[in-house]
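Residue-level structural notes
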Amino acid sequence: EAQVTQNPRYLITVTGKKLTVTCSQNMNHEYMSWYRQDPGLGLRQIYYSMNVEVTDKGDVPEGYKVSRKEKRNFPLILESPSPNQTSLYFCASSLILSTDTQYFGPGTRLTVL
Amino acid sequence: AQSVAQPEDQVNVAEGNPLTVKCTYSVSGNPYLFWYVQYPNRGLQFLLKYITGDNLVKGSYGFEAEFNKSQTSFHLKKPSALVSDSALYFCAVRVSSGLYNFNKFYFGSGTKLNVKP
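A brief structural summary. Remember, predicted model here, so these are calculated numbers, not experimental data.

Here is what the cut-offs are and how they apply
Residues numbered from 1 in each chain as written. Chains lettered and ligands numbered in written order. Predicted model: local features only at pLDDT ≥ 70, side-chain atom pairs only at ≥ 80, totals over all residues. Heavy atoms only, no water. Phe/Tyr/Trp six-rings, centres within 6.5 Å; stacked < 30°, edge-to-face > 60°. Helix = DSSP H or I, 4+ residues; strand = E, 2+ residues; numbered from the N terminus. Buried < 20%, exposed > 50% of the residue type's maximum accessible area, 1.4 Å probe, protein only. Lys NZ or Arg CZ within 6 Å of the ring centre and 35° of its normal. Pairing = 2+ DSSP bridges. 1 Å grid on protein atoms, 1.4 Å probe; cavity = no way out; pocket = protein on both sides within 12 Å on 5 of 7 lines; lining within 4 Å. Points joined across faces, edges and corners; volume = space filled by probe spheres on them. Nonpolar A, V, L, I, M, F, W, Y, C, P; charged D, E, K, R; others polar. Contact = heavy atoms within 4.5 Å. Salt bridge = Lys/Arg side-chain N within 4 Å of Asp/Glu carboxyl O. Polar contact = N/O pair within 3.5 Å; in protein donor to acceptor, adjacent residues only side chain to side chain.

So, the packing of aromatic side chains
- Scanning all chains against the criterion turns up 18 aromatic pairs over all chains.
- A ring pair is formed by Tyr31(A) and Phe105(B), whose centres lie 6.1 Å apart and whose planes are at 65 degrees; its orientation type is edge-to-face. Separated into two different chains, Tyr31(A) in strand 4 (residues 31-38) and Phe105(B) in strand 11 (residues 102-107) make up a pair that spans both. Residues Tyr31(A) and Phe105(B) agree in their burial class; the two are buried.
- Each ring, one from Phe63(B) and one from Tyr89(B), has its centre 5.6 Å from the other, and the planes form 45 degrees; the classification is tilted. On the criterion of sequence distance, the pair formed by Phe63(B) in the loop between strand 7 (56-58) and strand 8 (64-68) and Tyr89(B) in strand 10 (residues 87-97) is long-range, its members being 26 residues apart.
- What makes Tyr89(B) buried here is its relative accessible area of 0%.
- Taken together, the ring pairs in this structure connect Tyr31(A), Tyr35(A), Tyr48(A), Phe90(A), Phe104(A), Phe34(B), Tyr36(B), Phe46(B), Phe90(B), Phe105(B) and Phe107(B) into an aromatic cluster.
- Between the NZ or CZ atom of Arg68(A) and the centre of the ring of Phe74(A), over which it lies, the distance is 6.0 Å.
- Residue placement shows Arg94(B) over the ring face of Tyr31(A); its charged tip is 4.5 Å from the ring centre.

Concerning the pairing of strand 5 (residues 32-38) of chain B
All names here are of chain B.
- Most of strand 5 sits out of view: six of its seven residues are buried.
- Bridge count for strand 5 against strand 6 (residues 44-50) is six bridges, and the pairing is antiparallel. Bridge pairing in strand 6 links Trp35 to Leu48.
- From the end of strand 5 to the start of strand 6, which pair antiparallel, there are five residues, and Asn41 there has a positive phi angle of about 60 degrees.

Regarding the layout of surface pockets
- As a volume, the largest pocket reaches approximately 630 Å³.
- Lining the largest pocket are 27 residues, and of these Gln37(A), Leu88(A), Arg109(A), Gln38(B) and Leu88(B) lie nearest its centre.
- The set of elements that each furnish at least two residues to the lining of the largest pocket consists of strand 4 and strand 9 (87-94) of chain A together with strand 10 and strand 12 (111-116) of chain B.
- A per-class count over the lining of the largest pocket returns 10 nonpolar, 11 polar and six charged.
- Together, 16 residues line the second largest pocket, and Ala2(A), Gln3(A), Val4(A), Phe104(A) and Leu44(B) are the ones closest to its centre.
- At the level of secondary structure, the elements contributing two or more residues to the lining of the second largest pocket comprise strand 1 (4-7) and strand 10 (103-104) of chain A together with strand 6 of chain B.
- The element best represented in the lining of the second largest pocket is strand 6 of chain B, accounting for three residues.
- Its residues assigned to classes, the lining of the second largest pocket shows eight nonpolar, six polar and two charged.

Considerations on the interface of chain B and chain A
- In this assembly, 25 residues from chain B lie in contact with 31 residues from chain A.
- The interface formed by chain B and chain A holds zero salt bridges in total.
- Along the contact surface separating chain B from chain A lie three residue pairs in polar contact (both at pLDDT 80 or more).
- For the side of chain B that touches chain A, the elements supplying multiple residues, two or more each, are strand 5, strand 6, strand 10 and strand 11 of chain B.
- The leading source of residues in the side of chain B that touches chain A is strand 11 of chain B, at six residues.
- Of the residues assigned to the side of chain B that touches chain A, the class counts are 12 nonpolar, nine polar and four charged.

With respect to the pattern of salt bridges
All names here are of chain A.
- What the rule picks out here adds up to seven salt bridges over all chains.
- Of the charged contacts, one joins Asp38 and Arg44 as a salt bridge, the two residues approaching to 2.8 Å between their closest N and O atoms.
- For Asp38, a relative accessible area of 12% puts it in the buried group.
- Residue Glu79 is joined to Lys65 by a salt bridge in which the shortest nitrogen-to-oxygen separation is 2.9 Å. You can see Glu79 sitting in the loop between strand 8 (76-78) and strand 9 and its partner Lys65 sitting in strand 7 (residues 65-66), a full 14 residues away along the chain.
- With a relative accessible area of 36%, Glu79 lands in the partly exposed category.
- What makes Lys65 partly exposed here is its relative accessible area of 41%.

Written out as structure tokens, the structure is:
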């Protein structure tokens, strides 16, 4: 089954404790992206990647890091989480063309205390 | 600056009536427009997209959307709403930017559709 998986689905952590949210897709998609969803703000793009070792900032990259060492994986790293990063995070992937739709993962709900 | 606006936080409609969820955009260049739907505790699912050609685009579950270039709008429509259509709907635009023609996505704030029996 074609899918995007994220782990963990739920995470409660404390300020400053480094964490990683994993994202994996099995569709051989070149394009992958991370979003955060906040009430009233919709989805905002954090980082995206056009292919292995090729990443770029989205609209809200501050406080986040990403890496793309393999085509299927695109982890999101929070080196020193803060409470304002409490949010619902989605990973998505698509083929490389602008016309292609994105497939979204189930989401990771992160709470930073 | 690129932006997408969904002016209604919530739309209420009776089952069987037509529905419209509004979306306007402001981007440089030619936009690629999308609608996604989100059910509770789920990720977003693709509904339909406009790339080029016919301004009326048909998508999943009987939804359609009309691209209006002069009004920079891409409203989502359905002739007859179902209770099961109740969900959160997002309009999105994909634009090219950056040195390597990378692609960014911009989403609206979402519109909650309530369809009552």
